Amino acid sequence: MVSFRHRNHLKMLPLSTLLKIGFTPTLKDFNNLFLLLSRNQKFKAIIHVFSQLSSNRINADAQTRTIFAKAMIKESRYEEAADFLRTHEIFHQNRVFDSLIQALCTCNQDPERGLSLLKDSLKLNGVVPSSRTFCLLICCFSKMGKMDRVIDLLELMSDDKFKYPFDNYVCSSVISGFSRIGEPELAVGFYETAVKSGSLMPNSVTCTAILTAYCKLRNVEKVSELVAWMGKNDLAFDVVFYSNWAYGCLREGLVHEAFKIVRAMVDKKVELDTISYTILIDWFSKNGNVEKAVGFLHKMRRDGIEPNLVTYTAIILGFCSKGKLDEAFSIFGMLEKLGIEADEFAYAILINGVCRKGDFDLVYQLLDEMPKRGISPGVVTYNTVINGLCKVGRTSEADDFSKGIIGDAFTYSTLLQGYVKEHNNSGILETKTRLESAGVRMDVVVCNVLIKAMFMVGLFEDAFAIYKGLQKMDISANSITYFTLIDGYCKAGRIDEALVIFDEYRNMPDSSPACYECIILGLCEKGMADMACDVLIEYIKKGLPLDKKLYMMLIEAAFNVKGAESVLEVMYRIEETGFLTLPVLCTDAVYFLCKLGFPEASYDILSAMRNEGLEWASLCYYSILGSLLFEGKKLLARLILSPFVKIYGMSDLRVCEIVLNYLCLHDVKKSLVFLSSMNEKNRNITIPVAVFKTLINEGRVLDAYELLVGAKDNLAPMDVVSYTIIIDALCKKRRIKEALDICSLAAKKKGIALSIVTFNSVINGLCHQGCLTEAFRLFDSLERIDILPTEVTYGTLIDALAKEGLLHDANMLLESMLLKNLEPNTRIYNSLINGYCKSGLLDEAIKIFHDLEMRNLKPDGFTVGALINGYCLKGDMEGALNLYLEFKRNGFLPDFLGFMYLVRGLCAKGRMGESWGILREMLQTPSVVDLLGRVDSGAESDSVENLLVFLLDRGSIYEAVALLNKVGAMVFSAGRNSSLRTLDPHTEVTPSINNGIGFHSVLYDDVEKEGNDMVEICGGEDGKTEQLKDFDSFYSRIRSLCSKGDLAKANRLTKLLMEL
């Protein structure tokens, strides 16, 4: 009895006292202590006492170890607990392992470690994790989007060792996981398989999950079937179901369906809660209708439902997205009044809105305000600032800002993108170094940006190394990775490396149009059209969407490499794939070839594809016929026009337009009759502007005039440029009356405001007709209609005055031009110089030349030739020769006529040696050589230049001069009438020396200009025609007339000589 009382007394003493008085506790005592500590949640004490057991060599039993393991789990010492469980036996091993794995998932948020531990536990004897552990792991991995881990766990659950059923918890988690990663098809497939197996009877949670998948697939029919099934099986349509349904519809853009759901909630008296309203408010805010969102906010409050921080944050986001910062700050200020504490996300949204406005002073104020409100800015907020700075081109400032924080992958990818956009190579390299030293775990986005940056700085090997290192980082390359690599190599011209990457990309399960488009573009730019065609065919066979830009890129490349015929080969190869929209593609190819001037090749495509039984739109015929007609290929156009009319008939307006275009180019009168008949039938067809351009190019200016006047009510819209082209062509053909008729038609009837270019053409035409009075009247009227003359206007009039010998008036007009702040050009000075020289006023011409030089204008070949002619007319051949040599030293040579003036003058003076030298230099002058090359010699195997060289080698100077006189007669048929009418170096001139034109037929009386540009002088002594072939023949005849006192005829012949 004493001993029992003594023992009870000892139990009441503290452990430290018991140990001091020599009490030795047994293992049972320790276990009782552990149980007591466990009930009181003194887990740290358990761990401490257990360590004392080991140090005092007290062997714990299974119960002790079990309590200790549970204490380790409770204290979050998961790794130590896992190691302990692997090496010690405990009671309730399954439950302890379940607790550990579940703690890793829920408390430590590390399902990867939990899965690893689960697989390790399966290797231990007798350990069988519960279905709840599997379910929890599946749920965690589904939320993380790691569906490969989910699939592994599902296979384990269905193993013969477990055979755990897939309940609603598992199924809803898996369905949500597949929907979360953008694979709703897999979610639906899993659901249907589970239902068909009979192991799943869906509840409201599972139905809500599969509803989201159906919404993502935009499968309204399946949603209706699901709703009907739920109603049939008495499953409740709660607010969560309706909210998810509405959210799914809104996310996929089915706004009407979403409002029908909200209406159904009201009809079924399912009250909207905060989440339901927030879903609607959030969607409208994100889609630019924040005013509608505010309306829902007011309704929400009227219904007695208080918005939360998420609701107000959505409104703030909507206002910031629309740039309405005042309203956003107003809502933000309401939070404090309502007693709602803002969080970091609300500040981040507000900061992002301010960044968009570029007010970074306010951004930094908000950052300073956050700690004062007890909110620590995190990496999300800092990244928002960095992103804002980069977007406005302040990447260096963003870089400095980032150095004061611990960045993540988004931080560095944003900086790299900013530097790439700014083409800042040093910034790219510095950021890459920082990224590597920071030890940030990279994701595929960062790697893609880094690869692009490496290509920009030319570090191709580094870019390739990043790509090859993805597998070691447990990162899977996506389509953007491959596109970045292919695009980088293609832009650098390294097509072989691009093809290697593209071959690796082909093994990817998903195909990206962007990668195919990029490699096709790269191949086309390298001229590898055949390989590009192979890739395009593969692209088509994969069913990828074919963009017009893509196949037109290939067609253009094939055309550039092999010509128009290769386009037909491309069409044949694509036709073999069974491509459904081939007619559209061929239509574009036909249009492409017609636009480039290959209507015949276009017709080949049309014929070939028509033989394949493909239906063709009239657009193909229209394009081909239009191209043929406007190129003047009327015969082929007529051959194609007949089947075109037979196929489509005259009921189609487009057919009528083609027929009209053909008639316009073939016979204008018939086209007007046809147009009249169409008007009587109320068939409104128009004549395109291109018809008039074609007629003008063919030299049929009067036909263009007749057509324009006769069809003035059936013209396609014409602008002032189109009218000016026709007016200018009429003026050049000396059809001033008709040109003025067109001016009246355009201005009065069509309301076209004529430009100074139009008036310049008319003034030039009047001047060439000798109608100077009318030209100046028109010139004086320009100011009254607020049209300012240009240098061309003054130049035309000055040239006309100079040719008529009215040099004083020409000078006065030049001074008037200078007063108008218009700068005269070399051609205007040439007109004056030429006029003074021909009038024998060489000193005045030299003064004009000095004025030209003072204005920093450079003389040209005409200037030199005119001055040489002035000396020659005075008989001062020394002065002419010295002038020539001076200009030659300064790099200026006369034109063809300038050389001819000098050679004729030297020959007349008998200075044949110097003439021979000048002729030699003349034949080495590029402008003269080019002119001679355009003249047909009449001999099959020789040219004019070779004939001249042959004559000079023989010393036949007179014959060489005579030949050059004939060339001058053909090229400058009316003499040198105007400095403004020089030979266009791009004009094809191929007259023949042996065509019978000769030099000039001269009859002695009156001078007439015939249609063939011959000059005749009628009424000589004997009524005969005399050929004056060179300067000497002119000189002798003038001398003869002067000796006879016939000064009038001598003057006229002298004037003709001056014009040559």
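Above this text you will find the structure in question.
These remarks concern the structure in this document. Numbering of residues starts from 1 in every chain and runs along the sequence as written. A pLDDT threshold of at least 70 governs which residues receive local features in this predicted model, and a stricter bar of 80 or more applies before side-chain atom pairs are shown or counted, although totals over entire chains, interfaces and linings include all residues. For the side-chain quantities, the full set of heavy atoms in the structure was used; hydrogens and water were omitted.

## Observations regarding the overall build of the chain
Turning to step 1, where the next piece is worked out: Segments assigned H or I by DSSP are reported as helices when at least four residues long, segments assigned E as strands when at least two residues long, and all are numbered from the N terminus. Helices and strands together make up the secondary structure of the chain, namely 59 helices and four strands.
Turning to step 2, where the next piece is worked out: A total of 1060 residues make up the chain; the buried ones form 48% of that total.
Turning to step 3, where the next piece is worked out: Put simply, of all contacts in the chain between residues at least 6 apart along the chain, 60% involve residues at least 24 apart.
Turning to step 4, where the next piece is worked out: Working definition of accessibility: Shrake-Rupley area with a 1.4 Å probe, residue cover restricted to the visible protein chains. Here the chain displays about 53300 Å² of accessible surface, and carbon together with sulfur accounts for 52% of that area. Remark: exposure states derive from per-residue accessible area (1.4 Å probe, protein chains only) relative to the maximum for the residue type, with buried under 20%, exposed over 50%, and partly exposed in between. Note on contacts: a residue pair qualifies if any of its non-hydrogen atoms lie within 4.5 Å across the two residues.

## Re the side chain of S142
Turning to step 1, where the next piece is worked out: Positionally, S142 belongs in helix α9 (residues 131–144).
Turning to step 2, where the next piece is worked out: S142 has contacts with M147, V150, S173, V174, G177 and R180, leaving out every residue within four places of it along the chain.

## Thoughts on the state of the cysteines
Turning to step 1, where the next piece is worked out: Pairs of cysteine sulfur atoms within 2.5 Å are what we label disulfides. Counted by the stated rule, this structure contains zero disulfides.
Turning to step 2, where the next piece is worked out: Lacking any disulfide linkage, C490 is separated from the closest cysteine sulfur, that of C518, by 4.6 Å.
Turning to step 3, where the next piece is worked out: Using a relative accessible area of 6% as the deciding quantity, one classes C518 as buried.

## Considerations on the pattern of salt bridges
Turning to step 1, where the next piece is worked out: The working definition used for a salt bridge is a side-chain nitrogen of Lys or Arg within 4 Å of a carboxyl oxygen of Asp or Glu. A complete count under the given rule lists 37 salt bridges for this structure.
Turning to step 2, where the next piece is worked out: One salt bridge in this structure joins E783 and K820, with 3.2 Å as the shortest N-O distance. In this pair, E783 sits in the loop between α46 (772–781) and α47 (791–803) while K820 sits in the loop between α48 (807–819) and α49 (826–838), placing the two residues 37 residues apart along the sequence.
Turning to step 3, where the next piece is worked out: Owing to a relative accessible area of 44%, K820 belongs among the partly exposed residues under this scheme.
Turning to step 4, where the next piece is worked out: Shared partners join several salt bridges into a network, and the residues in it are E112, K146, D148 and R149.

## Observations regarding the packing of helix α15 (residues 239–251) against helix α17 (residues 274–286)
Turning to step 1, where the next piece is worked out: Running from amino to carboxyl end, α15 crosses α17 at an angle of 10 degrees, the nearest separation of the two axes being 9 Å. Classified by the interaxial angle, the pair formed by α15 and α17 is roughly parallel. Of the residues in α17, those in contact with V239, S243, Y247, L250 and R251 of α15 are S276, I279, L280 and W283.
Turning to step 2, where the next piece is worked out: Only Asp, Glu, Lys and Arg are considered charged, only Ala, Val, Leu, Ile, Met, Phe, Trp, Tyr, Cys and Pro nonpolar, and every remaining residue, Gly among them, polar. Split into classes, the residues belonging to the contact of α15 with α17 amount to six nonpolar, two polar and one charged. For every element, the axis is a line fit to its C-alpha atoms; helices are fit only across the contacting stretch, and the angle between N-to-C directions ranges from 0 to 180 degrees. If an angle is under 35 degrees, it is roughly parallel; if it is over 145, roughly antiparallel; if it lies from 65 to 115, roughly perpendicular; otherwise it is oblique.

## As for the packing of aromatic side chains
Turning to step 1, where the next piece is worked out: Each pair of aromatic rings taken from Phe, Tyr and Trp, with Trp reduced to its six-membered ring, is defined by centres within 6.5 Å and is described as stacked if the planes are under 30 degrees apart, edge-to-face if over 60, and tilted in the remaining cases. In this structure the tally under the stated criterion is 21 aromatic pairs.
Turning to step 2, where the next piece is worked out: Considering the side-chain rings of F779 and Y794, the 5.3 Å spacing of their centres and the 75 degrees angle between planes classify their relative orientation as edge-to-face. You can see F779 sitting in helix α46 and its partner Y794 sitting in helix α47, a full 15 residues away along the chain. The exposure classification of F779 matches that of Y794, with both residues buried.
Turning to step 3, where the next piece is worked out: Each residue in the set F464, Y467, Y482, F502, Y505, Y516 and Y539 is aromatic and connected to the rest through ring pairs, giving one cluster.

## With respect to the environment of S476
Turning to step 1, where the next piece is worked out: Within the secondary structure, S476 sits in the loop between α28 (460–468) and α29 (479–491).
Turning to step 2, where the next piece is worked out: Assessed through its relative accessible area of 62%, S476 is described here as exposed.
Turning to step 3, where the next piece is worked out: On a C-alpha basis, the gap between S476 and D443 in space is 9.1 Å, while along the polypeptide they are 33 residues apart.

## Some points on the environment of M812
Turning to step 1, where the next piece is worked out: Mapped onto the secondary structure, M812 falls in helix α48.
Turning to step 2, where the next piece is worked out: The exposure class assigned to M812 is partly exposed, which follows from its relative accessible area of 43%.
Turning to step 3, where the next piece is worked out: In this structure, the C-alpha to C-alpha distance between M812 and I798, residues 14 residues apart in sequence, is 9.3 Å.

## Quick look at the side chain of K432
Turning to step 1, where the next piece is worked out: When you line up the elements, K432 lands in helix α26 (residues 425–438).
Turning to step 2, where the next piece is worked out: When its relative accessible area of 14% is taken as the criterion, K432 is described as buried.
Turning to step 3, where the next piece is worked out: There is a polar contact of 2.7 Å between the side chain of K432 and the side chain of E436.
Turning to step 4, where the next piece is worked out: Each residue touching K432, except ones within four places of it in the same chain, is listed here: L416, L450, M454 and D462. Polar contact is the term for a pair of N or O atoms within 3.5 Å; when the atoms are in protein, one must be able to donate a hydrogen and the other to accept it, and sequence-neighboring residues count only if both atoms are side-chain atoms.

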